[in-house]
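# Examination of the molecular architecture
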Amino acid sequence: MRRLRYNVAMSLDGFIAGPKGEYDWITPNSGIDFAALYRQFDTLLMGRLTYDAMRAKGMSAKGMGMKAFVVSTTLKPEQHPDVTIIARNVPEAVAALKAQPGSIPQKDIWLCGGGALFRCLLDAGLVDSVEVSVFPVLLGSGVPLLPVGRRASLHLEESKTLPSGILMLKYAAAPKPLSSARPTSAKPKSAKPKSVRKRTA
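The sections below set out a description of the structure shown in this document. Note that the structure is predicted; figures quoted are calculated from it, not measured.

As a general feature of sheets, a regular strand has side chains that alternate between the two faces. Pairing analysis gives three bridges linking strand 1 (residues 4–11) to strand 6 (residues 108–111), with the strands arranged parallel. Paired with L4 across the two strands is I109, which belongs to strand 6. In terms of strand pairing, strand 3 (residues 41–47) meets strand 6 through four bridges, oriented parallel. Across the sheet, L45 pairs through a bridge with L111, a residue of strand 6.

It is worth spelling out the packing of aromatic side chains at this point. All chains considered together, the criterion is met by five aromatic pairs. For the pair W25 and F135, a centre-to-centre distance of 5.6 Å together with 85° between the ring planes defines the contact as edge-to-face. Separated by 110 residues along the polypeptide, W25 in the loop between strand 2 (15–17) and helix 1 (34–38) and F135 in strand 7 (residues 129–135) bring together distant segments of the chain. Both residues of the pair, W25 and F135, belong to the buried class.

As a general point, the strands of a sheet are linked pairwise by backbone hydrogen bonds and lie either parallel or antiparallel. An order of 5-4-3-6-1-7-10-9 is seen for the eight strands of this open sheet, with the pairing classed as mixed. Of all strands in the sheet, those bounded by a partner on one side alone are strand 5 (84–86) and strand 9 (154–161). Sheet twist, expressed as the mean angle between neighbouring strand axes with direction ignored, is 25°. Along the sheet, helix 2 (residues 48–56) makes contact with strand 3 and strand 4 (67–71), crossing strand 3 at roughly 115°. Running over the sheet, helix 4 (residues 115–123) touches strand 1, strand 3, strand 4, strand 6 and strand 7 and is turned about 110° from strand 3.

Let us now look at the environment of G142. Topologically, G142 is positioned in the loop between strand 7 and strand 8 (143–144). On the basis of relative accessibility, which here comes to 29%, the residue G142 falls in the partly exposed class. Separated by 128 residues in sequence, G142 and G14 place their C-alpha atoms 8.8 Å apart. Ignoring anything within four residues of it in the chain, the contact list for G142 reads F15, A17, G18 and P19.

Note that the residue after G113, namely G114, is joined by a cis bond; omega there is -5°. The backbone of N89 sits at a positive phi, close to 50°, despite the residue not being glycine.

About the cut-offs
- Residues numbered from 1 in each chain as written.
- Predicted model: local features only at pLDDT ≥ 70, side-chain atom pairs only at ≥ 80, totals over all residues.
- Heavy atoms only, no water.
- Pairing = 2+ DSSP bridges.
- Helix = DSSP H or I, 4+ residues; strand = E, 2+ residues; numbered from the N terminus.
- Phe/Tyr/Trp six-rings, centres within 6.5 Å; stacked < 30°, edge-to-face > 60°.
- Buried < 20%, exposed > 50% of the residue type's maximum accessible area, 1.4 Å probe, protein only.
- Axes fitted to C-alpha atoms, helices over the stretch in contact; angles between N-to-C directions.
- Contact = heavy atoms within 4.5 Å.

Here is the structure:
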């Protein structure tokens, strides 16, 4: 099964985009090898706002050598033939996508935004790793890394600091917790005391 990796850039105060969705703080001379990063994936998965931002930059999944899946209830497939639209049953559709064989050698699925989609798939237990490049900038407001929701445990796998001041963090997502219901163990039956008859003289 292919891995689903949430890989994003984040400001030091926890935002993945500015208040107007701007990404101008993600500088191209950051020291990140984007070509090497792209080679690790064969599929992009994103929400509509991330898709719109990518198109506004003149970027496309095809130009990055990948297939693209966009989660949206408003986009019309016939108007966006270069991507596959997921309009409903998102966790089920993503689980099926992960189960597909993909390219050979096997590459991963890049969940590149946004935060609400990340929250949905994290809660469904479908995210395998969380990879954040922390940029040395304070945006003050904007789109948070993750919307409010339940707690999730992570395990640090790798950390690296670039000369530009960017801190690159890679975490493994903990598996989805099992049901809190505990099986009841059968209690051993206590032996009944045997009655003792008194002998009469």
